Amino acid sequence: MTVNIEPGWQSLLHDEFAKPYFSELLEFVSDEYDTQTIFPPKEQVFNAFNLCPLADTRVVILGQDPYHDDNQAHGLCFSVNEGIKTPPSLVNIYKEIENDLGIPRPESGNLERWAKQGVLLLNATLTVRAHKAGSHQKKGWEKFTDSVIKHLASEKENIVFLLWGAYAGKKDSLIDSTKHCILKSTHPSPLSAYRGFLGNKHFSKTNDYLSSNGLPEIKW
């Protein structure tokens, strides 16, 4: 499997791509694509980076695993392809945006419009077997995406990191809070959204922080 990634990210992560664990990870993933049904499609694995160039990145939303049902995943966390039913967590994200900013819920669950504004929609694990949640966890992806967060936090300033849920919340240790804005809450899943995600006002807080640092706001 070849890594086709936006030039800015390629430069930032060049040393990471050269490490033995990453070679082993690519070998594993390549074999999986050859022998199993894997999501997202191979050419979309690095979509989060290719749709959100490093130079434009000013918000990071961290998910955990790609969706594992047919035609859902396309390389952006929480996002689904056009024409696919909006998943429950994203329904709650839209609900909070509407409560926070008064923006009506869109019909589409495709979040490419966010990525193209500088929102890195990063899953901790970038691939998954069809209908087998978590099947590519602990194969090396998490080490890679932790490194992405560390490099990004080290090399840039004034990024908003939206960490929803216990898993994402632990990533705050990788981020210098004096250089960036970290916003944490429960996960937007129906199991936890009512315990702190709904009402967190993260979307207005994100735009307030960006605006106060002279950066363009996100059109959520």
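Note that this is a predicted model, so its numbers are computed, not measured. (Residues numbered from 1 in each chain as written. Predicted model: local features only at pLDDT ≥ 70, side-chain atom pairs only at ≥ 80, totals over all residues. Heavy atoms only, no water.)

A. Examining the sheet that holds strand E6 (residues 181–185) more closely. The strand order E3-E2-E5-E6 describes an open sheet built from four strands, whose pairing is parallel. Both outer strands of the open sheet, strand E3 (119–123) and E6, are each paired with one neighbouring strand and no more. Across the sheet, the axes of successive neighbouring strands diverge by a mean angle of 20°, strand direction being ignored. Sheet analysis places strand E5 (residues 160–164) next to E6, joined by five bridges and oriented parallel. Within E6, the residue paired with leucine 163 across the bridge is lysine 184. (Pairing = 2+ DSSP bridges. Helix = DSSP H or I, 4+ residues; strand = E, 2+ residues; numbered from the N terminus. Axes fitted to C-alpha atoms, helices over the stretch in contact; angles between N-to-C directions.)

B. Spatial organisation of the side chain of serine 89. In this fold, serine 89 is placed in helix H5 (residues 88–101). Among residues more than four places away in sequence, those in contact with serine 89 are Phe78, His187, Pro188, Ser189 and Pro190. (Contact = heavy atoms within 4.5 Å.)

C. Local environment of empty space enclosed by the protein. A complete count under the given rule lists two cavities of 30 Å³ or more for this structure. Lining the largest cavity we find Pro40, Pro66, Tyr67, Ala73, His74, Gly75, Leu76, Ser79, Asn123 and Leu126. Of the residues that constitute the lining of the largest cavity, the class distribution is six nonpolar, four polar and no charged. Taken together, Tyr94, Ile97, Ile103, Pro104, Arg105, Pro106, Arg113 and Trp220 form the lining of the second largest cavity. Of the residues that constitute the lining of the second largest cavity, the class distribution is six nonpolar, no polar and two charged. (1 Å grid on protein atoms, 1.4 Å probe; cavity = no way out; pocket = protein on both sides within 12 Å on 5 of 7 lines; lining within 4 Å. Points joined across faces, edges and corners; volume = space filled by probe spheres on them. Nonpolar A, V, L, I, M, F, W, Y, C, P; charged D, E, K, R; others polar.)

D. Examining the packing of aromatic side chains more closely. Evaluated as defined, the whole model comprises 16 aromatic pairs. In this structure an aromatic cluster arises from ring pairing among Trp9, Phe17, Tyr21, Phe22, Phe46, Phe49, Trp141 and Phe144. (Phe/Tyr/Trp six-rings, centres within 6.5 Å; stacked < 30°, edge-to-face > 60°.)

E. Up close: the pattern of salt bridges. For the structure on display, the rule yields five salt bridges. Between lysine 19 and glutamate 16 there is a salt bridge whose closest N-O contact spans 3.2 Å. Overall, lysine 19 belongs to the partly exposed group, its relative accessible area being 36%. Accessibility expressed as a relative area gives 4% for glutamate 16, which makes it buried. Salt-bridge contacts for arginine 129 lead to glutamate 32; the nearest nitrogen and oxygen are separated by 2.7 Å. Residue arginine 129 is located in strand E4 (residues 128–129), and its partner glutamate 32 is located in helix H3 (residues 20–35); the two are separated by 97 residues in the primary sequence. (Salt bridge = Lys/Arg side-chain N within 4 Å of Asp/Glu carboxyl O. Buried < 20%, exposed > 50% of the residue type's maximum accessible area, 1.4 Å probe, protein only.)

F. The arrangement of the side chain of histidine 74 in detail. For histidine 74, the location among the structural elements is in the loop between strand E2 (59–63) and H5. Residue histidine 74 is classed as buried on the basis of its relative accessible area, which comes to 1%. Within polar-contact distance, the side chain of histidine 74 engages the side chain of serine 79 at 2.6 Å. Sequence-distant contacts of histidine 74, that is, excluding residues within four places in its chain, are made with Pro40, Gln44, Asn47, Ser79, Val80, Asn81, Asn110 and Glu112. (Polar contact = N/O pair within 3.5 Å; in protein donor to acceptor, adjacent residues only side chain to side chain.)

G. Layout of the environment of leucine 152. One can find leucine 152 in helix H7 (residues 141–155). Residue classification places leucine 152 among the buried residues on the basis of a relative accessible area of 1%. When the C-alpha positions of leucine 152 and isoleucine 175 are compared, they lie 8.8 Å apart, and in sequence the two are 23 residues distant. Apart from the residues within four sequence positions on either side, leucine 152 is in contact with Trp9, Leu12, Leu54, Thr57, Val60, Leu120, Ile159 and His180.

H. Molecular detail of the layout of surface pockets. Size it by volume and the largest pocket reaches roughly 350 Å³. Per-class residue counts for the lining of the largest pocket are six nonpolar, eight polar and three charged.

I. Seen up close, the nonpolar core. Judged by nonpolar contacts, the single largest core of 68 residues is most densely connected at Ile61, Trp114 and Phe144. In contact with isoleucine 61, other than residues within four places in its own chain, are Cys77, Phe78, Trp114, Val119, Leu120, Leu121, Leu122, Leu162, Trp164 and Trp220. (Core = buried A, V, L, I, M, F, W, Y, C linked by side-chain atoms within 4.5 Å.)

J. View of the packing of H3 against H7. Two elements in contact, H3 and H7, have axes whose closest approach is 9 Å; the angle formed by their N-to-C orientations is 130°. Put simply, H3 runs oblique to H7. For the element pair H3 and H7, the recorded crossing hand is left-handed. From H3, Tyr21, Phe22, Leu25 and Val29 reach across to H7, where they touch Trp141, Lys143 and Phe144. Taken together, the residues of the contact of H3 with H7 sort by class into six nonpolar, no polar and one charged. (Parallel < 35°, antiparallel > 145°, perpendicular 65-115°, else oblique. Left-handed = near helix turned anticlockwise from the far one by under 90°.)

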